[in-house]
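As a plain string of letters, each chain reads:
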Amino acid sequence: MSRRSRRNSGRVTLDDVARHVGVSKITISRALRQPDKVSAPLKTKIEHAIELLGYIPNRQAGSLASARSHAIALIVPSLSNGVFSEVLRGVDEVFQQSGYQVLLGHSGYSIHEEERLVNTYLSYGVEGFIVSSGQHTERTLALLKRSGLPVVEMMGIPKTPLDMAVGLDHEAAGHAITSALIELGYRNIGFGGARMDFRAQERLNGWRRALREHGLDDTACLTTFSPSTYHLGGALLNDIVGRFPATEAIFFCNDDLAAGALFECQRQGLRVPTDMAVAGFNGMDITDVVSPRLTTVVTPRRPIGERAAQLLLKRLNAEPVEARVVDLGFTLALRDSTSIERA
């Protein structure tokens, strides 16, 4: 059996649906192409069988069954977020000379939209997936497992990876930056978060764990599921200080919010870091060009994309994969926005 056949051996076929319903393959095909040509009870029975078995219509039916698509699916939560644009560059560089086409999907941070995209790409016969989420719907998990295709989850490190994973430990990163603030002498440290997906939640958990380990209060926390903007960073700063006046440092879950908070401090005449210390996450370019320069957690975004693509390409070429889970780590950039010694 060829490598291609082995990967697709778990795919549910039209014959499987026909056997389950107890009709011919031609009848199932007609029902899918011309649903008005079959009776309502039979149509309902066929729809139930398709859902139960997880059948995905082949939209390449006009081509040879053995033909390869030479396409892989890349699904990211955002196309406007600079974090993912760097990841995309990493993936694209690896696949440029490989003969594979990258099909790009945008989930909008929705696991249900991710499910729809996975279903669509499977129907077009993609040969593998790179997804930037460690959380999926039950149906997405079933679709990917049943397909037998190689899958790389990137950005985070899932506790139970689907297949392969490349990223960093976001809780450890949140813990590390908060611990660094504590070592600098800050004791009343707040947290501001937006677009609270599971990675942002892990950073929040790391912030909370570091404070509790040092016997410090962890109530100065405000989060929202709204998209991150500079304006929102300023608003979160004002809300945190308004509710928790003793706050002397704030760790924001990303650099957009941190930069917005810095601009708001300047607008109000608050000195950074003397009156308020500010830290962000990701190490975006803006953190190194604003004044004062922003303290942040630098994440290896482009290397994550590169390594994810390399892992997937190895599996597509039937080459051995040394490690299924790759933690590329992070670094702390302690800069002027938190540099004052207060211990």
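Procedures and definitions
Residues numbered from 1 in each chain as written. Predicted model: local features only at pLDDT ≥ 70, side-chain atom pairs only at ≥ 80, totals over all residues. Heavy atoms only, no water. Core = buried A, V, L, I, M, F, W, Y, C linked by side-chain atoms within 4.5 Å. Buried < 20%, exposed > 50% of the residue type's maximum accessible area, 1.4 Å probe, protein only. Contact = heavy atoms within 4.5 Å. 1 Å grid on protein atoms, 1.4 Å probe; cavity = no way out; pocket = protein on both sides within 12 Å on 5 of 7 lines; lining within 4 Å. Points joined across faces, edges and corners; volume = space filled by probe spheres on them. Helix = DSSP H or I, 4+ residues; strand = E, 2+ residues; numbered from the N terminus. Pairing = 2+ DSSP bridges. Axes fitted to C-alpha atoms, helices over the stretch in contact; angles between N-to-C directions. Expected span 1.5 Å × (residues − 1). Right-handed = clockwise from strand over helix to strand, strands pointing away. Parallel < 35°, antiparallel > 145°, perpendicular 65-115°, else oblique. Left-handed = near helix turned anticlockwise from the far one by under 90°. Nonpolar A, V, L, I, M, F, W, Y, C, P; charged D, E, K, R; others polar.

So, the nonpolar core: which residues are in play, and what are the values?
With 69 residues, the main nonpolar core has Phe 95, Ile 130, Met 154 and Phe 252 as its most contacted residues. Excluding its chain neighbours within four sequence positions, the residues that come into contact with Phe 95 are Ile 72, Tyr 100, Val 102, Ile 130, Ala 309, Leu 312, Leu 313 and Leu 316. In terms of nonpolar packing, the next biggest core, distinct from the first, is built from 16 residues, Val 118, Leu 122, Val 126 and Val 131 among them.

So what's going on with the layout of surface pockets? Residues and values would help.
Estimated volume of the second largest pocket: approximately 470 Å³. Lining the second largest pocket are 28 residues, with Asn 81, Phe 84, Tyr 109, Ser 228 and Asn 254 positioned closest to its centre. Within the residue set of the lining of the second largest pocket, elements represented by two or more residues are helix H5 (82-95), helix H9 (198-213), helix H11 (255-268) and helix H12 (301-316).

So what's going on with the sheet that holds strand S7 (residues 221-223)? Which residues, and what values?
Spatially, S7-S6-S8-S9 is the arrangement adopted by the four strands of the open sheet, whose pairing is parallel. Two strands lie at the open edges of the sheet, namely S7 and strand S9 (277-279), each paired on one side alone. If you compare each strand with its neighbour and ignore which way they point, the axes differ by 15 degrees on average. Relative to S7, strand S6 (residues 189-193) is paired through three bridges, and the arrangement is parallel. Pairing of Gly 193 across the sheet is with Thr 223, part of S7. The sheet strands contacting H9 are S6, S7 and strand S8 (249-252), and the helix crosses S6 at an angle near 170 degrees. Against the sheet, helix H10 (residues 230-243) contacts S6, S7 and S8, and its axis sits at roughly 140 degrees relative to S8.

So what's going on with the sheet that holds strand S5 (residues 164-167)? Residues and values would help.
The six strands are arranged S2-S1-S3-S4-S5-S11 in an open sheet whose pairing can be described as parallel. With partners counted over all chains shown, the strands left at the sheet margins are strand S2 (101-106) and strand S11 (325-327), one partner each. Neighbour-to-neighbour, the strand axes of this sheet turn through a mean angle of 15 degrees, independent of strand direction. Packing against the sheet, H12 makes contact with strand S1 (71-76), strand S3 (129-131), strand S4 (151-155), S5 and S11, and its axis sits at approximately 160 degrees to S5.

Which residues make up H9, and what values go with them?
Taking 1.5 Å as the rise per residue, H9 with 16 residues should run 22 Å; its terminal C-alpha atoms sit 22 Å apart, in good agreement. For H9, every residue scored as buried is listed here: Phe 198, Arg 199, Ala 200, Glu 202, Arg 203, Leu 204, Gly 206, Trp 207, Ala 210 and Leu 211. Buried residues in H9 make contact with H5, S4, helix H8 (170-183), S6, S7 and S8. The positive-phi residue at the C-terminal boundary of H9 is Gly 215, with phi of around 70 degrees.

Describe the pairing of S8, and please don't skip the residues or the numbers.
The two faces of S8 match: Ala 249 and Phe 251 on one face and Ile 250 and Phe 252 on the other face are all buried. Pairing analysis gives four bridges linking S6 to S8, with the strands arranged parallel. Residue pairing across strands places Ile 189 opposite Ala 249, the latter belonging to S8. The handedness of the S8 to S9 crossover, carried by H11, is right-handed.

Give me the lowdown on the packing of helix H2 (residues 14-21) against helix H4 (residues 40-53), citing residues and values where you can.
Close contact between H2 and H4 brings their axes to 10 Å; oriented N to C, the two are set at 125 degrees. Relative to H4, the element H2 lies oblique. Of the two elements, H2 crosses H4, and the hand of that crossing is right-handed. For the pair H2 and H4, the contacting residues are Asp 16, Val 17, His 20 and Val 21 in the first and Leu 42, Lys 45, Ile 46, Ala 49, Ile 50, Leu 52 and Leu 53 in the second. Split into classes, the residues belonging to the contact of H2 with H4 amount to eight nonpolar, one polar and two charged.

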